[in-house]
Structure formats: structure tokens, C-alpha cells
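Breakdown of the fold
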Amino acid sequence: MLDSDHVPLQHFFIVLEHVMRHGLRPKKGLLGPKKELWNVLELVEKYAPEAHDITTSVRDLPTVKSHLGRARAWLRLALMQKRLADYFKLLIDKREEFLSDFYEPASLMLCEEATVIGGLLVGLNVIDCNLCVKEEDLDSQQGVIDFGLYLRDNSHAEVPQEGVDPANMTAVLDQKNYLEELNRHLNATVTNLQAKVENLQTTNALMKEDLAIAKNQILAVQEENDRLKFDQSHMQREHCRRLEDAKADMTAERETYQTSRAGLDHMYHEAKKKLQQETQMRLEVEKELDLQIGMKAEMEMAMKLLEKDIHEKQDTIVSLRQQLDDIKLINLEMYKKLQACESSLKYKTELVSKLEQKMSQMAEVIKQLEEKYVCDYQSSG
């Protein structure tokens, strides 16, 4: 397991930082936002939610104050999480979307070699690291890479000349290569410092331009202030003159008021008497109006009762008419039944009279038969 004291691991983070900071765009203008590596790493959590814990932990670190220190802490935590290669590949895959806003077109992150670097980072997933981020001073400048650790193991050394010790020759060649790498590194550092000086000169020129503009604005504001002061003094004099005129007018008006106040008092007393009379009349009218309103309410109540009585009587008349119609129908039916009974009674009366006639005839026949029977009985006796 590797810790923070492992020198090759420290060199790896320095190289990775240079790779990811290569070609970052400078800020636009004097007040424009500066493009930092930390701003690029913050975008990873939008596409990889698991990186949110790393970003939150870095933001909460009390010992890290600068954006560069936060970026270094983020890279170390990502390596401990064994997701550094995945996050680097995510940035390379999304470079067309947002990396072009942070990097120059010729930067390493926008070149094809960035894909190769991402492939090389995959091999770090087999390494276990235990890095104490809180105890490291990540805001300060990182150390210089000692390339001698990597150049002394080269197997392609030149063939030594006759009479020269091969071991000494190898050491001399290693030192020569180390010095050349150190020289190139120093040249690159000088180039970066020159670029920073040029940026500072550009910034200084912009600040001078802004300062000149600010001075012109201050002069314009001072002129405007002088003009406003002159206008204020003129307005004060005009206001004093108007105030004196107003005082004179008020004195004249006060005298006029005092002369007319007696007439106004007389008019006030007369108006007061008229007001009392009008008030008395108004009270009487209000009483009469209350009386009329009470009578109107009683009339409305009587009208409502009368309408209610009329509606009830109309309902009674309707019900009586219905009963009358029913009685008429019943009388008509009874009349029809009476006629039928009368015709039946007349028929039965006629039938009874016929039967009575037959009975009388039969009685006469019986009487005659009895007489005949008596005569026959006497004659036979």
C-alpha cells in the first residue's frame, strides 16, 4: 500500500497536474472569471453521481483554501477510490461539450494523446493508496521531479570507449541525461514564467486603461458635481426670494382675513340657526319617514297575508271545481242508472199486470171448475 511519502507517487501527481492544467484558458478581461482545474473537476459530479462524495469532502476540508489545492485533493481522493481513470475518461468523452470552454484547442486534454493517457491510468486501479489529505500542504507549490530516478535504469547506454570504466561512463551519461531533463524542465518553467509575465503585462495594460477610464469618469462626475452645486445655490436663492414673496402675500391675506372675519362670524351665526332649523325639520321628516316606513311594512305584511289567503281560496276553488266535476259525473251516472231502472221498472210493471190478468183468468177458470165439480158431485149423489 502506497502512502503520501512515496516519491514516485508524488511525481505522478505533479505530472498529472501539469497534464490537466496544460492549455487552460486565461480569464477574459480584468473582471472576468478565471478558468481553474477545480472548475473542470467540479463538472464530473454532473455526469458521475458517485463523484459527489469526493467533491463534497474536498469542499469541507479546513486545510485547503485555494482552487489548486482543492483540485490536488480531489485527484488524490479519486485515486484512493480507484475511479481516477473512469473520471479522466469521462472528461475525455465529454470534451466536446464543456472542455472546449476551459482549454485551448492545442491543450493536451483536447488532443488525441489524452485517450492514451486515460488508458494508462487504468493500470492504477490495482494499486492501493492510503493518502492523508488533511495533513498535506496542498496549497503550496509542489516539488520538482527528480528524473534521475527514472533515467539511471536505462539499458540503451552508449558503448564505452577504450580505456574508460563502463560504470563511470554510465554514471556520467545518467548525469548528462538528468541535467538535460532538468534543463528542459527549467526551460519550460522559464517559458511558463514568461507567459505569466506577458499575462501580467496585458493585465497591467488593461488596468491602466481601466484606470484612465475611471479617471475620466471621476472628472466627469466632479464636473457634474460642480454644476449641481451651482444649480443648488441658484435654487436656494430662488427659494429664498419665493419665500419672502410668500410671506408678504400671507401678511396681506391675514389682514384681509381679519377684516372679513366679522362678516363671516355673522354669516356663521345665521348659517348655524338655519342649520338648527334644518336639523329640526330633518328630524320631523325622519319621524314621518319612519312612520311611513312602518305603515308600508304593515301594508306589505297585509298584502302578503291577503295574497296568501287569495292563493288558499284559489286552491279551495280549484278543489271545489274538481269536486263539482266529480259530482256531475256521478249525477250523470246515477241519471243513466235511473233511466235504466225506470225502463226496467216499467217493463216489470207491465209484466206484473199481465200476470195479474192471467191470475184473474185462472181464478175464474178454477172457480168455474169448482162450480162444475160441485154440480157434478150433487148430480151424482
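Up top is the structure these notes are about.
In this report, the structure presented in the accompanying data block is examined. Since the model is a prediction, treat every value here as computed from it, not as a measurement.

**A few points about the overall build of the chain**
Along the backbone of the chain there are nine helices and two strands. Expressed as a percentage of contacts within the chain between residues at least 6 apart in sequence, the contacts between residues at least 24 apart total 71%.

**Quick notes on helix H1 (residues 7-21)**
Between its terminal C-alpha atoms H1 stretches 21 Å, which fits the 21 Å expected from 15 residues at 1.5 Å a residue. Taken residue by residue, H1 has Leu9, His11, Phe13, Ile14, Leu16, Glu17, Val19 and Met20 as its buried positions. Remark: Gly23 follows H1 within two positions and exhibits a positive phi of approximately 80°.

**Regarding the pattern of salt bridges**
Two side chains bearing opposite charge may form a pair once their charged atoms approach each other closely. Scanning the entire structure with this criterion turns up 18 salt bridges. The partner of Arg242 in a salt bridge is Glu238, and the shortest N-O contact between them spans 3.4 Å. A residue pair is termed a helical-turn pair when its members lie 3 or 4 positions apart in one helix, as Arg242 and Glu238 do in helix H9 (residues 166-380) at four residues. On the basis of relative accessibility, which here comes to 24%, the residue Glu238 falls in the partly exposed class. As a salt-bridge pair, Arg241 and Asp245 come within 3.4 Å of each other at their nearest N and O atoms. Separated by four residues within a single helix, Arg241 and Asp245 lie in helix H9, roughly one turn from each other. We classify Arg241 as partly exposed; its relative accessible area is 42%. A residue is classified by how much of its surface remains accessible, and Asp245, at 39% relative accessible area, is partly exposed.

**With respect to a nonpolar patch on the surface**
Taken together, the side chains of Tyr257, Leu264 and Met267 define a hydrophobic patch exposed on the protein surface, amounting to about 320 Å² of accessible area. Structurally, Tyr257 can be placed in helix H9. The class for Tyr257 is partly exposed, based on a relative accessible area of 44%.

**Remarks on helix H6 (residues 84-93)**
Within H6, seven of the ten residues are buried, which leaves it mostly tucked inside the rest of the structure. By the burial criterion, the buried members of H6 are Leu84, Ala85, Tyr87, Phe88, Leu90, Leu91 and Ile92. Lining the buried residues of H6 we find H1, helix H2 (37-42), helix H3 (44-47), helix H4 (52-59), helix H5 (67-80) and helix H7 (113-121).

**A closer look at the packing of aromatic side chains**
We describe a pair of aromatic rings using the distance from one ring centre to the other and the angle between the two ring planes. Inspection of every chain in the model, using the stated rule, returns three aromatic pairs. Considering the side-chain rings of Trp74 and Tyr87, the 5.5 Å spacing of their centres and the 45° angle between planes classify their relative orientation as tilted. Here Trp74 is found in helix H5, whereas its partner Tyr87 is found in helix H6, with 13 residues between them in sequence. There is no split in this pair, since Trp74 and Tyr87 are both buried. On the basis of an interplanar angle of 25° and a centroid distance of 6.4 Å, the ring pair of Tyr373 and Tyr377 is categorised as stacked. Remark: Tyr377 and Tyr373 occur in helix H9; sequence separation between them is four residues, near one turn of the helix. Here the two residues Tyr373 and Tyr377 agree in accessibility, since each one is exposed. If you follow Arg76 out to its NZ or CZ, it ends over the ring of Phe13, 4.3 Å from the centre.

Rules of the game
Residues numbered from 1 in each chain as written. Predicted model: local features only at pLDDT ≥ 70, side-chain atom pairs only at ≥ 80, totals over all residues. Heavy atoms only, no water. Helix = DSSP H or I, 4+ residues; strand = E, 2+ residues; numbered from the N terminus. Contact = heavy atoms within 4.5 Å. Expected span 1.5 Å × (residues − 1). Buried < 20%, exposed > 50% of the residue type's maximum accessible area, 1.4 Å probe, protein only. Salt bridge = Lys/Arg side-chain N within 4 Å of Asp/Glu carboxyl O. Patch = residues over 30% accessible without salt bridge, like charges linked within 9 Å, V, L, I, M, F, W, Y side chains within 5 Å. Areas by Shrake-Rupley, 256 points an atom, 1.4 Å probe, with all protein chains shown as cover. Phe/Tyr/Trp six-rings, centres within 6.5 Å; stacked < 30°, edge-to-face > 60°. Lys NZ or Arg CZ within 6 Å of the ring centre and 35° of its normal.

By themselves, these figures tell us nothing about what the structure is for.
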